Amino acid sequence: MQVVNAILPTPAQVADFFGTAEDGPFTMVNLLKFKPRAAYADGRDPDLTGFEAYMRYGMAVQAHIKAVGGVPGYAGRVTGLMLGEVEELWDMVALAEYPSLAAFQQMVANPDYQAISVHREAGLAGQLNIKTQGPRA
């Protein structure tokens, strides 16, 4: 299995993700890898760690998740691997629940959300975003 962390989705990934039929609530699993130092495009805050830059995003994004009816969830450091193998562990796992694909799309299209994404991009070396759904009755 090849694993490729990324910071932004490709246009094809966006089209595939949002082009699927609406299928109700989901939880996004975010596997996060941070840069040793934040790298803002405008050069600001060079003394911040990638984690510190990402936390600016992490704190602000909670309001955006709630605004579309979502629920910010668990976030914690990755401290070990019991089963399987990866070349390098992620630094953190974060979960967020969304009521629908449309709600998620509304959030990421919001200019205020896009403004805070500068911190996400400055702090992340890469990540995986995994859309999950629980069993249905």
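Just so we're clear, the structure is a prediction, and the values are computed from it rather than from any experiment. Residue numbers here run from 1 along each chain, matching the order of that chain's written sequence. Residue-level local features of this predicted model are given only where pLDDT is at least 70; pairs of side-chain atoms are given and counted only at 80 or more, and the full residue set underlies all totals for whole chains, interfaces and linings. Note: side-chain values were computed over all heavy atoms of the structure, leaving out hydrogens and water.

1. Some words on the nonpolar core
How we decide: In this text, buried Ala, Val, Leu, Ile, Met, Phe, Trp, Tyr and Cys residues form a nonpolar core when linked through side-chain atoms within 4.5 Å. Relative accessibility thresholds used throughout: buried, under 20% of the residue-type maximum; exposed, over 50%; partly exposed, between the two (1.4 Å probe, protein chains only). Numbering of helices and strands starts at the N terminus; helices are DSSP runs of H or I of at least 4 residues and strands are runs of E of at least 2.
Grouped together as the largest cluster of nonpolar side chains are 20 residues, with contacts concentrated most on Leu-32, Tyr-98 and Met-107. Counting residues per element, the ones that place at least two in this core are strand E1 (26-34), helix H2 (50-67), strand E3 (92-98), helix H3 (101-109) and helix H4 (111-123). Grouped together as the second largest cluster of nonpolar side chains are 5 residues, Ala-38, Leu-48, Ala-53 and Ala-122 included.

2. A short note on the sheet that holds E1
What counts here: For two strands to be treated as a pair, DSSP must find no fewer than two bridges joining them. For helices, the fitted line uses only the C-alpha atoms of the stretch in contact; every axis is such a line through C-alpha atoms, and the angle between N-to-C directions lies from 0 to 180 degrees. Residues count as neighbours in contact if any of their non-hydrogen atoms are within 4.5 Å of one another.
What the 4 strands build is an open sheet, ordered E2-E3-E1-E4; its pairing is antiparallel. For this open sheet the edge positions go to strand E2 (71-77) and strand E4 (124-132), each flanked by a neighbour on one side alone. Put simply, the sheet's adjacent strands are angled 15° from each other on average, direction ignored. When E1 meets E4, the two strands line up antiparallel, connected through 8 bridges. Residue pairing for E4: Met-28 is matched across the bridge by Lys-131. Sheet strands touched by H2: E1, E2, E3 and E4. Its angle to E3, the strand with the most contacts, is close to 15°.

3. Section: the packing of aromatic side chains
What counts here: Pairs were defined over the aromatic rings of Phe, Tyr and Trp, the Trp ring being its six-membered one, requiring ring centres within 6.5 Å. Orientation was assigned from the angle between planes: stacked under 30 degrees, edge-to-face over 60, tilted for the rest.
For the structure on display, the rule yields 11 aromatic pairs. Taking the centre distance of 5.8 Å and the plane angle of 65° together, the rings of Phe-17 and Phe-104 count as edge-to-face. Of this pair, Phe-17 sits in helix H1 (residues 11-18) while Phe-104 sits in helix H3, placing them 87 residues apart in sequence. The interplanar angle of 80° and the centroid separation of 5.5 Å between the aromatic rings of Phe-34 and Phe-51 together place this pair among those described as edge-to-face.

4. Thoughts on H2
To keep it simple, the criterion reads: Every helix has an expected span of 1.5 Å times one less than the residues it contains. For a residue, the bend is simply the angle between two axes, fitted respectively to the seven-residue segment ending there and the seven-residue segment starting there.
With 18 residues, H2 ought to run about 26 Å at 1.5 Å a step, and its terminal C-alpha atoms sit 26 Å apart, in line with that. If you look at H2, its biggest bend is around 30°, right at Val-61. For H2, every residue scored as buried is listed here: Gly-50, Ala-53, Tyr-54, Tyr-57, Gly-58, Val-61, His-64 and Ile-65. Elements that come into contact with the buried residues of H2 comprise E1, E2, E3, H3, H4 and E4. Looking one or two residues past H2, Gly-69 carries a phi angle of roughly 85°, positive in sign.

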